[in-house]
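If you want the building blocks of each chain, they are given just below.
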Amino acid sequence: MTIWEMLAVFAAGISAGTINTIVGSGTLITFPVLLATGLPPVTATVSNALGLIPGSISGAIGYRAELTGQRSRVLRLSIAAAIGGLSGAVLLLMLPSTAFETIVPVLVALALVLVILQPRITKAVQRRRDRKGTPTNPDGGPLLFVGLMLASVYGGYFTAAQGIIYLALMGMLLDDTLQRLNATKNVLAAVVNSIAALFFLFVADFDWTAVVLIAVGSAIGGQLGAKIGRRLPPTALRALIVVVGTFAIIQLLLR
């Protein structure tokens, strides 16, 4: 890489770490930049996955106050994330890229619809539970476990917009604030990236310059994202999710 390419990758890492912590979809910033430096798509994908791990961890640390009281939930859902992330990493090296590229925009669009409708859906579900006297499952039950595992398969494969899908699923099935769900999302993203990257270490080629630049940049961005995201009210956070997700769909369709 030239010095200018290195600076571009570093800046992309900061941006990705910030947006990943607040919403998700940071890969849509780093991935095109890595491709522009001349890296092959698979090398860019695996290098990006490894480089974003510090950013995910940094964002989770920044949201540590919101993680209070969620230990049992996070541990349970992390199992789903780990299984899905490993499966997605395996699929990345086995399937043609067109297989997932066809369905990814559909998944992101569906997630955005769920995020927009989440307040109404949550109220409707709560009213139904109140009528039947059914208590809210603090972990979301089997439906959330399976849903997050499938979302993590996608996350292990490409990672872009996985956070939006996580928030949509948890928003419907968990009775909690959006900020606390966002904190859980950051931990799950760190699990998926770590599991996928660990697998890639043994079977894929990395560009270590790109990995280091994104790692340092995303770690900085994770702290920035936590400071910004924690101050956003639920409506503003939901609006930001929709804006970023819409941009993600457009970029994925044009890619």
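Residues numbered from 1 in each chain as written. Predicted model: local features only at pLDDT ≥ 70, side-chain atom pairs only at ≥ 80, totals over all residues. Heavy atoms only, no water.

Draft legend 1. Geometry of the overall build of the protein. Summing up its helical and strand segments, the protein has 11 helices and zero strands in all. Put simply, the protein runs from its N terminus to its C terminus through helices and strands in the order α-α-α-α-α-α-α-α-α-α-α. Of all 255 residues assigned to the protein, the portion counted as buried reaches 53%. Here the contacts in the protein between residues at least 6 apart in sequence split such that 83% fall between residues at least 24 apart. As displayed, the protein offers around 11,400 Å² of accessible surface, 71% of which is attributable to carbon and sulfur atoms. (Helix = DSSP H or I, 4+ residues; strand = E, 2+ residues; numbered from the N terminus. Buried < 20%, exposed > 50% of the residue type's maximum accessible area, 1.4 Å probe, protein only. Contact = heavy atoms within 4.5 Å. Areas by Shrake-Rupley, 256 points an atom, 1.4 Å probe, with all protein chains shown as cover.)

Draft legend 2. Here's a closer look at a nonpolar patch on the surface. A cluster of nonpolar side chains, Val42, Leu93, Leu198, Leu201, Phe202, Val203 and Trp208, forms an exposed patch at the surface whose accessible area comes to about 710 Å². The element that contributes the greatest number of residues to the nonpolar patch is helix H9 (residues 178–203), accounting for four residues. Under the relative-accessibility criterion, Val42 is labelled partly exposed at 38%. (Patch = residues over 30% accessible without salt bridge, like charges linked within 9 Å, V, L, I, M, F, W, Y side chains within 5 Å. Salt bridge = Lys/Arg side-chain N within 4 Å of Asp/Glu carboxyl O.)

Draft legend 3. Structural context of the pattern of salt bridges. A complete count under the given rule lists two salt bridges for this structure. The residue Arg73 makes a salt bridge to Asp176 at a minimum N-O spacing of 3.0 Å. One end of the pair, Arg73, is in helix H5 (residues 71–94); the other, Asp176, is in the loop between helix H8 (162–173) and H9, with 103 residues separating them in the sequence. One salt bridge connects Arg180 with Asp176, and the closest N-O pair in it is separated by 2.9 Å. Through salt bridges with shared partners, one network takes in Arg73, Asp176 and Arg180.

Draft legend 4. Here's a closer look at the packing of helix H7 (residues 141–157) against H9. As a packed pair, H7 and H9 sit with axes 10 Å apart at the nearest point and diverge in direction by 50°. The pairing of H7 with H9 is recorded here as oblique in orientation. In this structure, the crossing between H7 and H9 has a hand that is right-handed. Seen from H7, the contacting residues are Leu148, Ser152, Gly155 and Gly156; seen from H9, they are Leu188, Val192, Ala196 and Phe200. Here the residues of the contact of H7 with H9 sort into five nonpolar, three polar and no charged. (Axes fitted to C-alpha atoms, helices over the stretch in contact; angles between N-to-C directions. Parallel < 35°, antiparallel > 145°, perpendicular 65-115°, else oblique. Left-handed = near helix turned anticlockwise from the far one by under 90°. Nonpolar A, V, L, I, M, F, W, Y, C, P; charged D, E, K, R; others polar.)

Draft legend 5. Representation of the confidence of the model for the protein in the model. Scored by pLDDT, the protein comes out at a mean of 81, with 82% of its residues at no less than 70. When the elements of the protein are averaged for pLDDT, helix H6 (residues 97–132) gives the smallest value, 66, and helix H10 (residues 208–229) the largest, 91. (pLDDT = per-residue confidence, 0-100.)

Draft legend 6. Quick look at the nonpolar core. By size, the foremost hydrophobic cluster in this structure holds 44 residues, and its most contacted members are Leu144, Leu148, Met170 and Phe200. Elements supplying a minimum of two residues to this core: helix H1 (3–22), helix H2 (27–36), helix H3 (41–51), H5, H7, H8, H9 and H10. When residues of this core are assigned to their parent elements, the largest contribution, eight residues, is made by H9. Setting aside residues no more than four positions away along its own chain, Phe200 makes contact with Val46, Ala49, Ala89, Leu92, Leu93, Gly156 and Phe206. (Core = buried A, V, L, I, M, F, W, Y, C linked by side-chain atoms within 4.5 Å.)

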